[in-house]
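Structural characterization, general
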Amino acid sequence: MQIFKDKRHVNAETRRLYAIFELLHTLADFVAAFSFLIGSILFLWKATETVAVWLFIVGSVFFCLKPTLKLIREVKLASVGDTEDLAERYRP
């Protein structure tokens with residue numbers, strides 16, 4: 001179910017905004033994945049369990065960041081050009 005209109009290709013600004021958020025989303029994926037991978041390895045030894053737990057927490061934060069980034073991106077894209085739409089709606 002699509003909440004917002006697809007505005008990623010409307011103009012250069014929306015393409016740039018979309019690209020930035022895609023990069024941030026991919027970066028969040030990598031940080032989360034590597035945090036969980038390294039945390040899992042560190043859990044093999046008792047001496048590094050605390051560090052492993054913290055890496056799982058960091059990974060979880062970055063997994064939570066992914067949908068947040070998508071929502072922010074969609075809201076920003078949805079708002080692009082809306083000032084002109086509003087101005088046209090309220091012309092006498």
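Residues numbered from 1 in each chain as written. Predicted model: local features only at pLDDT ≥ 70, side-chain atom pairs only at ≥ 80, totals over all residues. Heavy atoms only, no water.

It is worth spelling out helix 1 (residues 12-42) at this point. Given a rise of 1.5 Å per residue, 31 residues ought to cover 45 Å, and the 45 Å separating the end C-alpha atoms of helix 1 matches this to within 8%. If you follow the buried residues of helix 1, they end up packed against helix 2 (49-79). (Helix = DSSP H or I, 4+ residues; strand = E, 2+ residues; numbered from the N terminus. Expected span 1.5 Å × (residues − 1). Contact = heavy atoms within 4.5 Å.)

On the surface, F30, F34, L37, I38, I41, L44 and W45 cluster together to form a nonpolar patch covering roughly 740 Å² of accessible area. Within the element layout of this structure, I38 appears in helix 1. I38 sits in the partly exposed class, given a relative accessible area of 42%. (Patch = residues over 30% accessible without salt bridge, like charges linked within 9 Å, V, L, I, M, F, W, Y side chains within 5 Å. Areas by Shrake-Rupley, 256 points an atom, 1.4 Å probe, with all protein chains shown as cover. Salt bridge = Lys/Arg side-chain N within 4 Å of Asp/Glu carboxyl O. Buried < 20%, exposed > 50% of the residue type's maximum accessible area, 1.4 Å probe, protein only.)

Counted by the stated rule, this structure contains 4 aromatic pairs. Arranged with centres 5.1 Å apart and planes meeting at 45°, the rings of F36 and F56 form a pair that is tilted. Of the two residues, F36 is situated in helix 1 and F56 in helix 2; the sequence distance between them amounts to 20 residues. Ring centres of F43 and F56 lie 5.5 Å apart, and the angle between their planes is 25°; on these two criteria the pair is classed as stacked. Taken together, the residues span a long stretch of sequence, with F43 in the loop between helix 1 and helix 2 and F56 in helix 2 at a distance of 13 residues. Here F43 falls in the partly exposed class, since its relative accessible area comes to 34%. Members of the aromatic cluster, each reached through a chain of ring pairs, are F36, F43, F56 and F63. (Phe/Tyr/Trp six-rings, centres within 6.5 Å; stacked < 30°, edge-to-face > 60°.)

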